[in-house]
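Here are the chains, one letter per residue:
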Amino acid sequence: MRELTVAVFLSLDGVMQAPGGPEEDPTSDFGFGGWAFHFWDDSLEEPFGKVIDAEYDLLLGKRTYDIFAGYWPYNQDIPIGARFQRINKYVLTHSDEPLSWEHSQKLSGDTAEAVAELKRSDGRDLLIQGSSTLYVPLLAAGLIDRLILMTFPVLLGEGKRIFDGSQTPGALKLVDHSVSNKGVVFLTYEPGGEVPTGSFATQQPSEAELDRRAKIEAGAW
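All of the points below concern the structure found in this document. In this text, all values refer to a predicted model and were calculated from it rather than measured experimentally. Sequence order as written defines residue numbering, which begins from 1 separately in each chain. Restriction of local features to residues with pLDDT of at least 70 applies here, the model being predicted, together with a cutoff of 80 or more for giving and counting side-chain atom pairs; totals for whole chains, interfaces and linings are based on all residues. Each side-chain value is worked out from all heavy atoms of the structure, with water and hydrogens disregarded.

**As for the pairing of strand S3 (residues 89-92)**
Step number 1: Here S3 shows no split at all, with Lys89 and Val91 on one side and Tyr90 and Leu92 on the other all buried.
Step number 2: Strands are labelled as partners when DSSP assigns at least two bridges between them. A run of DSSP states H or I qualifies as a helix once it reaches four residues; a run of E qualifies as a strand once it reaches two. Both are numbered from the N-terminal end. Note: strand S2 (residues 57-61) against S3, four bridges, orientation parallel. Each residue of the ladder has a partner; that of Gly61, found in S3, is Leu92.
Step number 3: Relative to strand S4 (residues 104-107), S3 runs parallel, the two being bridged by four bridges. Each residue of the ladder has a partner; that of Tyr90, found in S4, is Gln105. Relative accessibility under 20% of the residue-type maximum defines a buried residue, over 50% an exposed one, and the middle range a partly exposed one, all with a 1.4 Å probe and only protein chains included.

**Brief notes about the side chain of Lys89**
Step number 1: In this fold, Lys89 is placed in strand S3.
Step number 2: No salt bridge is formed by the buried Lys89; its nearest oppositely charged neighbour, Glu102, is found at 6.6 Å.
Step number 3: At a separation of 2.8 Å, a polar atom in the side chain of Lys89 contacts the main-chain carbonyl oxygen of Phe84.
Step number 4: A polar atom in the side chain of Lys89 sits 2.8 Å from the backbone oxygen of Glu102. Here Asp and Glu are counted as negative and Lys and Arg as positive; His is not counted, and neither are the chain ends. Whenever a carboxyl oxygen of Asp or Glu lies within 4 Å of a side-chain nitrogen of Lys or Arg, that contact is scored as a salt bridge. The definition of a polar contact used here is a pair of N or O atoms within 3.5 Å, where within protein one atom must be able to donate a hydrogen and the other to accept one, and adjacent residues in sequence count solely through side-chain atom pairs.

**Points about the environment of Lys106**
Step number 1: Mapped onto the fold, Lys106 is located in strand S4.
Step number 2: Counting along the chain gives 14 residues from Lys106 to Leu92, while the straight-line C-alpha distance between them is 6.1 Å.
Step number 3: Only heavy atoms matter for contacts: two residues are in contact if any of them lie within 4.5 Å across the pair. Residue contacts for Lys106: discarding those within four places in its chain leaves Val91, Thr93, His94, Ser95, Asp96 and Leu99.
Step number 4: Engagement of the side chain of Lys106 in a polar contact is seen with the backbone oxygen of Ser95, the distance being 3.0 Å.

**Some points on the pattern of salt bridges**
Step number 1: Per the stated rule, a full pass over the model turns up 15 salt bridges.
Step number 2: Residue Arg83 is joined to Glu55 by a salt bridge in which the shortest nitrogen-to-oxygen separation is 3.5 Å. Of this pair, Arg83 sits in helix H3 (residues 79-86) while Glu55 sits in the loop between helix H1 (45-52) and S2, and the two are 28 residues apart along the sequence.
Step number 3: When its relative accessible area of 16% is taken as the criterion, Arg83 is described as buried.
Step number 4: Overall, Glu55 belongs to the partly exposed group, its relative accessible area being 47%.
Step number 5: The salt bridge partner of Asp66 is Lys62, with a shortest N-O separation of 3.0 Å.

In short, shape yes, function no, at least from these values alone.
Set out below in structure tokens:
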């Protein structure tokens, strides 16, 4: 069984759109493309290297594939470009447009079913970069084995997000973390089972609290 890792650049308020440059993804009039650039420094090389230098095949949505296919084949002097060139690129798309980048393969149909079948096949583990449309169905289906959030100290307001409020509830277990010199936080999570709940209350509820609960139950609070 292949494992699936998600590694996403994220603002503090959860936006993941166009971290790399103004022309990367300006859809919906997004005006802050390239927001990750000025936070990048040498202290990010080690934690990001753990992600990008591993052995994997890419799993991408069509728009991220188009972004990558228009850049990386023409920048193979960069180690990431050379790596992306040789590995397999699996692309979830309903488009009939040919995938011209070598070692690219179309996945069609239901997202969760297609990825579940791919995970059962032989081959390298899988890495998602970008591809905001994939997270909700894959999280809901429990198909993501590792979630790496690279959170930058910036607020962006509007933009594409990894979480939209519809994801299946669940706990996560922190397995690795680091902080860069400019405040970028790398957090690596794995699934941690159901959401645990409890209470900090140490005494029996007061009459005022019982009254408040009665109002909640009656829909009057």
